[in-house]
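# Architecture at a glance
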Amino acid sequence: MLKNNKVKRLTDRYDYYSTVRSKVDKIAKSFLKKDDEICRAKLYNLVLNLCNQVVYDYTYVFTKDDFNFVIDNDINIIDLLDNFLEDICKIKKSNVN
């Protein structure tokens, strides 16, 4: 067995995806007309796609399905994203270090 005493243990990193998932599950009832697993998954994907534009510096194309989902649930995107500003800042800081 190969041993390397110089290997450093990885530090615990901020778990962005689990935290966002947990928050989506908590706020789903206030943003969704029908709070079921499929709608929560769509909300989670929408949040990640929008937040990850900032976190990973890429452009997300808002799809027709996204648009319909937002309209059907009367979601205020600004109110939704306000719940995740702290997470965006934490993961960006963690990615820099």
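Whatever comes next refers back to the structure up there.
Residues numbered from 1 in each chain as written. Predicted model: local features only at pLDDT ≥ 70, side-chain atom pairs only at ≥ 80, totals over all residues. Heavy atoms only, no water.

### Here we look at the nonpolar core
Ranked by size, the top nonpolar core spans 24 residues in total, and within it Val-20, Leu-43, Ile-75, Leu-80 and Phe-84 carry the most contacts. At the level of elements, helix H1 (16-31), helix H2 (37-55), helix H3 (64-73) and helix H5 (85-96) are the ones that each hand at least two residues to this core. Sorting elements by how many residues they give to this core places H2 first, with 9 residues. Apart from the residues lying within four places of it in its own chain, the contact partners of Leu-80 are Ile-27, Phe-31, Leu-43, Leu-46, Val-47 and Ile-75. (Core = buried A, V, L, I, M, F, W, Y, C linked by side-chain atoms within 4.5 Å. Buried < 20%, exposed > 50% of the residue type's maximum accessible area, 1.4 Å probe, protein only. Helix = DSSP H or I, 4+ residues; strand = E, 2+ residues; numbered from the N terminus. Contact = heavy atoms within 4.5 Å.)

### A short note on the environment of Ile-75
By the element assignment, Ile-75 lies in the loop between H3 and helix H4 (77-82). On the basis of relative accessibility, which here comes to 7%, the residue Ile-75 falls in the buried class. On a C-alpha basis, the gap between Ile-75 and Leu-43 in space is 9.9 Å, while along the polypeptide they are 32 residues apart.

### Some remarks on the layout of surface pockets
Taken as a whole, the largest pocket spans an internal volume of roughly 230 Å³. If you go around the largest pocket, you meet 14 residues; those closest to its centre are Lys-42, Asp-65, Asp-66, Asn-68 and Phe-69. Looking at the lining of the largest pocket residue by residue, the class counts come to 4 nonpolar, 4 polar and 6 charged. (1 Å grid on protein atoms, 1.4 Å probe; cavity = no way out; pocket = protein on both sides within 12 Å on 5 of 7 lines; lining within 4 Å. Points joined across faces, edges and corners; volume = space filled by probe spheres on them. Nonpolar A, V, L, I, M, F, W, Y, C, P; charged D, E, K, R; others polar.)

### So, a nonpolar patch on the surface
Together, Tyr-17, Tyr-56 and Tyr-58 give the surface a local cluster of nonpolar side chains, amounting to about 290 Å² of exposed area. Locating Tyr-58 in the fold gives a position in the loop between H2 and H3. (Patch = residues over 30% accessible without salt bridge, like charges linked within 9 Å, V, L, I, M, F, W, Y side chains within 5 Å. Areas by Shrake-Rupley, 256 points an atom, 1.4 Å probe, with all protein chains shown as cover. Salt bridge = Lys/Arg side-chain N within 4 Å of Asp/Glu carboxyl O.)

### Examining unusual backbone geometry
A positive phi angle, close to 55 degrees, is found at Asp-57, a residue other than glycine. Positionally, Asp-57 belongs in the loop between H2 and H3. A positive phi angle is found at Asp-74, which is not glycine, with a value near 50 degrees. Within the element layout of this structure, Asp-74 appears in the loop between H3 and H4.

### A short note on the environment of Cys-51
Among the secondary structure elements, Cys-51 is positioned in helix H2. The residues contacting Cys-51, other than those within four sequence positions of it, are Tyr-16, Leu-81, Phe-84 and Ile-88.

### Things to note about the packing of aromatic side chains
Enumeration according to the criterion identifies 1 aromatic pair in this entry. When the centroid spacing of 4.9 Å and the interplanar angle of 65 degrees are considered together, the rings of Tyr-16 and Tyr-17 count as edge-to-face. Residue Tyr-16 is classed as buried on the basis of its relative accessible area, which comes to 2%. Across the ring face of Tyr-44, the terminal group of Arg-21 is positioned such that the distance to the ring centre comes to 4.1 Å. (Phe/Tyr/Trp six-rings, centres within 6.5 Å; stacked < 30°, edge-to-face > 60°. Lys NZ or Arg CZ within 6 Å of the ring centre and 35° of its normal.)

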